Amino acid sequence: MNAADLQKLLDEATPGELQLNRVSHLSVETEAGRGVASCGGYYDNTSDGRYAEENSANARLFVLTKRLARRVIAAEKLAEALRVACQHGRIDDSESRMNMCGAALAEWDATQ
């Protein structure tokens, strides 16, 4: 999987940010409240509670996936910009290469 694959998934996925359901910490929804995913089954979450914490962590991780994907994409762009800027063991000071690095760093910072 590369940055293009991740971007394609982001483009195809439900738009906007995701969040935990306001009532159930096991469900994921859009900011508008549309259900997107539910972690664990009814029995998992109502039996002895053994899986409830695990399913809750799964839901929290699901909420972070878009942000993490954007960070991976930005990190790959930053790495490529640095690869281009650094040649022969030194920083190349050409303006276009420095601009490329600056843009990649700005994108990385925006994913924080």
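These notes cover the structure that comes with them. Since we're looking at a predicted model, the values are computed, not measured.

Brief notes about the packing of helix α1 (residues 3-12) against helix α3 (residues 52-85)
- Two numbers describe how α1 lies on α3: the axes approach to 9 Å, and their chain directions differ by 150°. Crossing angle aside, the handedness with which α1 passes α3 is left-handed. Only Lys 66, Ala 69, Arg 70, Val 72, Ile 73 and Glu 76 of α3 make contact with α1, whose side of the interface consists of Ala 3, Leu 6, Gln 7 and Leu 10.
- Its residues assigned to classes, the contact of α1 with α3 shows six nonpolar, one polar and three charged.

Section: the pattern of salt bridges
- Tallied over the full model, the rule gives three salt bridges.
- One salt bridge in this structure joins Lys 8 and Glu 12, with 2.4 Å as the shortest N-O distance. One end of the pair, Lys 8, and the other, Glu 12, are both in helix α1, four residues apart, so they sit about a helical turn from each other.
- You can call Glu 12 exposed: its relative accessible area is 54%.
- Where Arg 22 meets Glu 29, a salt bridge forms, and the shortest distance between an N and an O atom there is 2.9 Å.
- Residue Glu 29 is classed as buried on the basis of its relative accessible area, which comes to 4%.

Overview of α1
- Within α1, the full set of buried residues consists of Ala 3, Leu 6 and Leu 10. Down the axis of α1, the buried set is contained in an arc of 65°. They therefore lie on one face. Exposed residues pointing more than 90 degrees away from the buried face of α1 are listed as Ala 4, Asp 11 and Glu 12.
- In this structure, the buried residues of α1 make contact with α3.

Side note on the environment of Ala 81
- Position of Ala 81 among the secondary structure elements: in helix α3.
- Taking the relative accessible area as the measure of exposure, Ala 81 reaches 0% and is therefore buried.
- For the pair Ala 81 and Met 98, spaced 17 residues apart in sequence, the C-alpha to C-alpha distance is 8.5 Å.
- When neighbours within four sequence positions are excluded, Ala 81 is seen to be in contact with Met 100, Cys 101 and Ala 104.

What about the pairing of strand β3 (residues 35-38)?
- Here three bridges tie strand β2 (residues 27-30) to β3, and the two strands are oriented antiparallel to one another. Bridge pairing in β3 links Glu 29 to Gly 35.

Points about the packing of α3 against helix α4 (residues 95-110)
- At a minimum axis separation of 9 Å, α3 and α4 run at an interaxial angle of 160°. By the criterion of interaxial angle, the relationship of α3 to α4 is roughly antiparallel. Here α3 and α4 pass one another in a crossing that is left-handed. Residues Arg 71, Ile 73, Ala 74, Ala 75, Lys 77, Leu 78, Glu 80, Ala 81, Leu 82, Val 84 and Ala 85 of α3 touch α4, and the partners they reach there are Arg 97, Met 98, Met 100, Cys 101, Ala 104, Leu 105, Glu 107 and Trp 108.
- Looking at the contact of α3 with α4, its residues break down into 14 nonpolar, no polar and five charged.

Reading the values: the criteria
- Residues numbered from 1 in each chain as written.
- Predicted model: local features only at pLDDT ≥ 70, side-chain atom pairs only at ≥ 80, totals over all residues.
- Heavy atoms only, no water.
- Axes fitted to C-alpha atoms, helices over the stretch in contact; angles between N-to-C directions.
- Helix = DSSP H or I, 4+ residues; strand = E, 2+ residues; numbered from the N terminus.
- Left-handed = near helix turned anticlockwise from the far one by under 90°.
- Contact = heavy atoms within 4.5 Å.
- Nonpolar A, V, L, I, M, F, W, Y, C, P; charged D, E, K, R; others polar.
- Salt bridge = Lys/Arg side-chain N within 4 Å of Asp/Glu carboxyl O.
- Buried < 20%, exposed > 50% of the residue type's maximum accessible area, 1.4 Å probe, protein only.
- Arc of directions from axis to C-beta.
- Pairing = 2+ DSSP bridges.
- Parallel < 35°, antiparallel > 145°, perpendicular 65-115°, else oblique.

Just geometry here; none of it tells us what the structure is for.
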